[in-house]
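# Commentary on secondary and tertiary structure
Chain by chain, the residues:
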Amino acid sequence: MTDPLLTLRPWEAPEVTSWGRLPMNAVDRRSGANSLDGDWRFQLLSAPDAPVGGPWSTASVPGVWTMQTIEGTADLPQYLNVRMPYTEFPPLSPADNPTGVYEREIDVPAEWAGRRIVLQVGAAESVLLVHVDGRPVGISKDSHLAAEFDLSGVVRPGGRSVLRLTVVKWSDASHIEDQDQWWHAGITRSVLLYATDPLRLADVTVRAARDGELRVDCQVRDSGGALPAGWYVSGELDGLPLGQDTEFDLANAEDERVSAFLGEARLRARVPEVRTWTAETPELYDLTVRLHRADGTVTDTSRHRVGFRDVRIVGRDLLVNGERVFIRGVNRHDFHPLTGRTVSYDDMRADLVLLKRFGFNAVRTAHYPNDPTLYDLADEIGFYVVDEADIESHDHAHEIADDPRYLNAFVDRVSRMVLRDKNHPSVIIWSLGNESDYGANHDAAAGWVRRHDPSRPLQYEGAAKRGWADPEVASDIACPMYAPLEDCVAHALSGQQTKPLIQCEYSHAMGNSNGTLADHWAAIEATPGLQGGFIWEFWDHGILQRVNDGRPVGRGGAGLYDNAVAAPGYRWAYGGDFGEKDHDGAFIADGVVFPDRTPKPVMYEHRELSAPVRLHGVRPEGVTVSNHQHFRGLEWLAGEWELSLAHGGTLTASAELPDLRPGGTAVVPLPFALPDDGGEAWLTLRVTTAQDLPWAPRGTRVCTPQVRLRAPVPVEDPVGTGRVEIDADGLLVHPLLTSAPALSLWRAPTDNDELGGMALRWRTWGLDSLVRRLVSVRQEGDGVTVLAEYAGTTGVVRHRQVFTPVEGGIRIDEQAELPAEFDDVARVGSVFETVAGLDGLDWFGQGPWESYPDRSAGAPVGHHHCQVDELFTPYLRPQESGGRHGVRRFTLSAPDATGIAVTLDEPRQVSVTRYRAEDLTAVTHHDELVPRAGCVVHLDAAHRGLGTASCGPDTFPSYLVAPGVHRWSWTLRAL
Ligand code: GAL
Ligand code: MG
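Residues numbered from 1 in each chain as written. Chains lettered and ligands numbered in written order. Predicted model: local features only at pLDDT ≥ 70, side-chain atom pairs only at ≥ 80, totals over all residues. Heavy atoms only, no water.

Within an unreviewed UniProt entry, the label attached to the protein reads Beta-galactosidase, and the organism entered is Streptomyces asoensis. A UniProt comment under Catalytic activity (unreviewed entry) is attached to the protein, and it reads "Hydrolysis of terminal non-reducing beta-D-galactose residues in beta-D-galactosides." The record in UniProt for the protein states the following under Sequence similarities (unreviewed entry): "Belongs to the glycosyl hydrolase 2 family." (UniProt positions renumbered as here; feature names shortened; annotations may be inferred.)

## Topic: the overall build of the protein
When its secondary structure is counted, the protein shows 14 helices and 56 strands. Taken against the 2.2 N^0.38 rule, which gives 30 Å for 975 residues, the C-alpha radius of gyration of the protein at 31 Å falls within 12% of a compact globule. Dimensions of the protein, computed from C-alpha atoms along their principal axes, come out at roughly 110 × 70 × 55 Å. Per-residue burial for the protein yields a buried fraction of 62% across its 975 residues. In the protein, of all internal contacts separated by at least 6 residues, the share reaching a separation of at least 24 is 73%. For the protein, the accessible area works out to roughly 35,300 Å², and carbon and sulfur atoms hold 51% of it. (Helix = DSSP H or I, 4+ residues; strand = E, 2+ residues; numbered from the N terminus. Rg over C-alpha atoms; globule rule 2.2 N^0.38 Å. Buried < 20%, exposed > 50% of the residue type's maximum accessible area, 1.4 Å probe, protein only. Contact = heavy atoms within 4.5 Å. Areas by Shrake-Rupley, 256 points an atom, 1.4 Å probe, with all protein chains shown as cover.)

## Remarks on the domain arrangement of the protein
Under the domain assignment, the protein is made up of domain 1 (4-196), domain 2 (210-306), domain 3 (316-540 + 589-604), domain 4 (542-588), domain 5 (612-704) and domain 6 (737-974). Its C-alpha centre places domain 4 at a distance of 31 Å from the equivalent point of domain 6. Of the roughly 790 Å² buried between domain 4 and domain 6 on both sides combined, carbon and sulfur atoms contribute 70%. If one sorts the elements of the side of domain 4 that touches domain 6 by residue count, strand β36 (residues 570-573) sits on top with three residues. Per-class residue counts for the side of domain 4 that touches domain 6 are eight nonpolar, one polar and two charged. (Domains from an automatic or database assignment. Buried area = accessible area lost by both parts, 1.4 Å probe. Nonpolar A, V, L, I, M, F, W, Y, C, P; charged D, E, K, R; others polar.)

## Observations concerning helix α3 (residues 372-381)
Across the ten residues of α3, seven count as buried, placing the element largely inside the fold. T373, L374, Y375, L377, A378, D379 and I381 are the residues of α3 that are buried. Elements that come into contact with the buried residues of α3 comprise α2 (345-357), β28 (384-388), α5 (407-421) and β29 (427-431). Just past α3, the residue G382 takes up positive phi, approximately 100°.

## Section: the coordination of the magnesium ion (ligand 2)
Only E392 (OE), H394 (ND1) and E435 (OE) from the protein coordinate the magnesium ion (ligand 2), and they sit 2.0 to 2.2 Å from it. Donor residues for the magnesium ion (ligand 2) sit on one chain with the sequence pattern E-x1-H-x40-E. Here E392 falls in the buried class, since its relative accessible area comes to 0%. (Donors = N, O, S within 2.8 Å, 3.2 Å for Na, K, Ca; no water.)

## Things to note about the packing of aromatic side chains
Summed over all chains, the structure comprises 23 aromatic pairs. Each ring, one from F42 and one from Y102, has its centre 4.8 Å from the other, and the planes form 65°; the classification is edge-to-face. One end of the pair, F42, is in strand β3 (residues 38-45); the other, Y102, is in strand β7 (residues 99-107), and 60 residues separate them in sequence. You can call F42 buried: its relative accessible area is 0%. Judged by relative accessible area, which is 0%, Y102 ranks as buried. When the centroid spacing of 5.4 Å and the interplanar angle of 20° are considered together, the rings of W765 and F822 count as stacked. You can see W765 sitting in helix α12 (residues 758-765) and its partner F822 sitting in the loop between β49 (809-818) and β50 (827-834), a full 57 residues away along the chain. This pair shows no difference in class: W765 is buried, exactly as F822 is. Ring pairs connect the aromatic residues W40, F42, W65 and Y102, which therefore count as one cluster. We note R275 situated over the ring of Y285; from NZ or CZ to the ring centre the distance is 4.4 Å. The side chain of R632 reaches across the aromatic face of W636, ending 3.8 Å from its centre. (Phe/Tyr/Trp six-rings, centres within 6.5 Å; stacked < 30°, edge-to-face > 60°. Lys NZ or Arg CZ within 6 Å of the ring centre and 35° of its normal.)

## Quick word on the UniProt feature "domain: Beta galactosidase small chain/" (unreviewed entry) in the protein
The UniProt record annotates "domain: Beta galactosidase small chain/" (unreviewed entry) at residues 718-973. The distance separating the terminal C-alpha atoms of residues 718-973 is 13 Å; by composition the span is 9% helix and 45% strand.

## A word on the pattern of salt bridges
In the structure shown here, the tally under the stated rule is 79 salt bridges. Among the salt bridges present, the one from R619 reaches E621, with a minimum N-O distance of 3.4 Å. Residues joined by salt bridges that share partners form a network here, namely R21, D142, E177, D390, D412, R413 and R416. (Salt bridge = Lys/Arg side-chain N within 4 Å of Asp/Glu carboxyl O.)

## Remarks on the site of ligand 1
The local shell around ligand 1 holds 13 residues, among which D180, H367, E435, E505 and H508 are the closest. Within the side chain of H508, an N or O atom sits 2.7 Å from an oxygen atom of ligand 1. Separating an oxygen atom of ligand 1 from a side-chain N or O atom of D590 is a distance of 2.9 Å. Taking 310 Å² as the accessible area of ligand 1 by itself, protein coverage stands at 95%. Considering only residue class, the shell around ligand 1 consists of five nonpolar, four polar and four charged. (Near = heavy atom within 4 Å. Polar contact = N/O pair within 3.5 Å; in protein donor to acceptor, adjacent residues only side chain to side chain.)

## A word on the sheet that holds strand β26 (residues 327-331)
Strand order in this open sheet of seven strands is β30-β29-β28-β27-β26-β32-β31, and the pairing throughout is parallel. Edge positions in the sheet fall to β30 (458-459) and β31 (501-506), since each has one partner strand and no second. Relative to β30, β29 is paired through two bridges, and the arrangement is parallel. Following the sheet pairing, S431 is matched in β30 by Q459. The strands that α5 touches are β28 and β29; relative to β29, the one it contacts most, it runs at about 170°. (Pairing = 2+ DSSP bridges. Axes fitted to C-alpha atoms, helices over the stretch in contact; angles between N-to-C directions.)

## As for the pairing of strand β51 (residues 840-846)
Where burial is concerned, most of β51 is hidden: six out of the seven residues are buried. Where β51 and strand β52 (residues 861-867) come together, seven bridges link them in antiparallel fashion. Bridge pairing links D842 to H865 in β52.

## Digging into α5
Side chains of residues three or four places apart in an α-helix project in the same direction, reflecting 3.6 residues per turn. With 15 residues, α5 should reach 21 Å at 1.5 Å per residue; the first-to-last C-alpha distance of 22 Å fits that figure. Of all 15 residues in α5, twelve are buried, a share of seventy percent or more. Buried within α5 are the following residues: A409, F410, D412, R413, V414, S415, R416, M417, V418, L419, R420 and D421. (Expected span 1.5 Å × (residues − 1).)

## Here we look at the nonpolar core
Core analysis: the biggest nonpolar cluster contains 94 residues, and L352, V592 and W641 have the highest contact counts within it. Broken down by element, the residue count for this core peaks at six residues, all from α5. Among residues more than four places away in sequence, those in contact with L352 are V363, L374, L377, A378, I381 and F383. Counting residues in each nonpolar core, the second largest holds 56 residues, with A742, W765, L871 and C935 among its members. (Core = buried A, V, L, I, M, F, W, Y, C linked by side-chain atoms within 4.5 Å.)

## Comments concerning the sheet that holds strand β1 (residues 18-19)
Pairing is antiparallel across the open sheet formed by seven strands, whose spatial order is β1-β10-β9-β12-β7-β3-β4. Every interior strand has two partners, whereas the edge strands, β1 and β4 (57-61), have only one. One ladder, built from two bridges, connects β1 with strand β10 (residues 135-140); its direction is antiparallel. Bridging across to β10, S18 finds its partner in S140.

## Observations concerning the environment of A440
Tracing the backbone shows A440 in helix α6 (residues 440-452). Residue A440 is classed as partly exposed on the basis of its relative accessible area of 44%. A440 sits 36 residues away from P404 along the chain, and the two C-alpha atoms are 8.5 Å apart. Not counting the four nearest positions on each side in its chain, A440 is found in contact with A401 and D402.

## As for the packing of helix α9 (residues 517-526) against helix α10 (residues 601-609)
Remark: α9 packs on α10, axes separated minimally by 10 Å, with the N-to-C direction vectors making an angle of 20°. When the axis of α9 is compared with that of α10, the two are roughly parallel. When you trace α9 past α10, the crossing you get is right-handed. Every residue of α10 that contacts α9 at L517, A518, W521 and E525 is listed here: V602, E605, H606 and L609. A per-class count over the contact of α9 with α10 returns five nonpolar, one polar and two charged. (Parallel < 35°, antiparallel > 145°, perpendicular 65-115°, else oblique. Left-handed = near helix turned anticlockwise from the far one by under 90°.)

## With respect to the environment of F890
Within the element layout of this structure, F890 appears in strand β53 (residues 883-893). In the structure, F890 is positioned 550 residues away from G340 in sequence and 43 Å away in space, judged by C-alpha atoms.

Right, here's the structure in full:
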């Protein structure tokens, strides 16, 4: 017998978006359902129409098969950004089309007799075919939304049936699911079976306004067709009973607007003194809606968490509850290093908790509707969500945007997302998708949303780029990606701006990146019309991989990584590591957290930039404290003052935070008297949570605003009596150094340096292999002057070192003269190496985390200490790492307190690692690095900013290293 589902060849028919699938709705059926998750029989076919008949193995549901070690299968993850992994044009698929057949028995409870029985497949990619006992039941596409099928007539209560879910990997739908992420396949979210009364709530729409007005619209259906007489709906909100809408009571079948088949009821309430929902104040009410028969029996119940809030665009401002809120957003994929796209409640909660602790208040669900739990958590923890439909046709964007064969799919995907997520207060904006050009298919989908949900704005980057102020295009927000900051500011100042400007992607976090984030936020906060953006992206999508056989570790690998580092024998795989012929390498590792969710240094930068409390100018009467929130006071915060003294240690004092409304400021008396030592002094307010919150226990760090109380007064080094020893090459001889201070103009290129083309220029100039030639050594008194030349392929740098004995050590005054052609180098500074065993670093300067000239706003000045190995940040593809900005002095010491002390003439960029720049440059993965026994120390007179040129703007001119003369001085002493 031929199978109609196969004869249709739905994997090459974009017009077929589903068959036999129930309409999407917002009634949550997860609780009380029977879970079908677990081990299923599984076989992988080479094509959807290949015969099933091979041996069965076992696969976990939910789970992608590409991340599981399943006997007889070898379909591994593949990473491609824009390009499709095959050459067939839309809507075609390759002949080699892995197809997973999942099968298991289902036992249907006898008590479900007379009930309506529904199968819910949480998500399957990319085409799902459903059979029960060999009979075709349905088809679904749209890989990141659930598909439901009515099995009432198909299974027998008290009986057992065989459920088969066939998942086809490549299809017409793959061409519109061409997002920048790993390609996987399988069933990625839970499978459920549940039963309802035939008379049921088919959908519930909740609108809860900022003024306390609540409107609940219910759709009622009966499997029998005509609705029974006298049914009605009731509801309560936190115990408050809701009233029927007297204007519109379609429960009453006499109302002529009602058909016997389509029941509608509307409940209304006005909540007095409503506690409104915002991301800062995620106040939720419990709503219960019940459907009754005429005799009062309840046939169905739907529960919702309701947040009262408004979202509106007024002029060019996006207002939440009337306030122009800043959007401190991140783009987040559903990702896990062990399970690919299957994420648990705990994982999602951990993601949002971490984001919240680091000052984020918004998430764009790049680039598809996320697991439904994410929205529940966003409501509860407090995030603004841009909910994005699963449409990205990147490789064939232009062909598909106007292709009528894909029209259904566009409207289907956008409308199903809206139908599912419309009741979440967290969702403040709908997005039509990503990187799919702009065509009639988008306008069709936009038309549907605007009619169905006029309560939220709509955005689509592909439309917005036709004109940020164009009223005709399907985007209410000007939502560019990676727009140069000066263009954004110019637009806001142009007088032409008509829409809020919120970048849907900015500040690309690939490797050691996110330079100029502070400059962005300074401009956003100072420029009306700019409201923020979404950093690209949350995750480094590294997959935990066994090095020996190249397989993904999969579930069960939880103990094999710690603190961003994979255990020996394992590594974080990126594009190309699974033997893919075509891939886009480490471009998949571009998040603000490592694959195990360890925050990268940029997270600390972000936390400070979003600080709810700030310190400003110091005056004799005190220091100004301000509240930078939109909706609440400072009562949820506790503070502690800290005074960091260059010539002393650190003093602390408890702080009383002033009672400040949003936007308010107060002058607080200085908590310390400055000692009379003339040294540099910094005042820091350590702000923590004052009580336990859903996302942070009491005492969790929130921010550490800081102001300088006193600038340093330069001091002359007392003249010393020692000798300076210089070898025949003109290099310093020092018992604690294994490699003498030499000039360095090179850093192991960051991803930004590589993809932005800077590293290529540096290599062309020969900066990675400068050849040193001694010019002269001149003794003057106890001091020595050494002149050398460092030759690249296209230019020569003159370098002078003057060594002078000072009390306890040597002062080294250096000068480097860069030729005009070296007009943008990575660094100018000294590099030297120490003996082994100096493993502890103490410094006075910015810290404690990694910082660079254009990413240093989150690293307060103070006394810091850590082990040298902790300084290094293990970016997936090794690159320049571990730098500390604004270092004034440091010691490197062994446990017996021997070691070196270095004092710098002014705050400088310093790094202390176990790796030479060439060690980092030579390898592709962190596990290949072999640490040196001693330390490699860089002191930079100038260090280039990081920028974000791997995708987007480079750093700003002020953070570049100019040619010409650079001077720096430092002293080296033995401890
Ligand atoms: C954007 C795109 C993202 C990602 C990013 C680069 O253009 O929307 O999906 O590819 O660039 O990492
Ligand atoms: Mg893309």
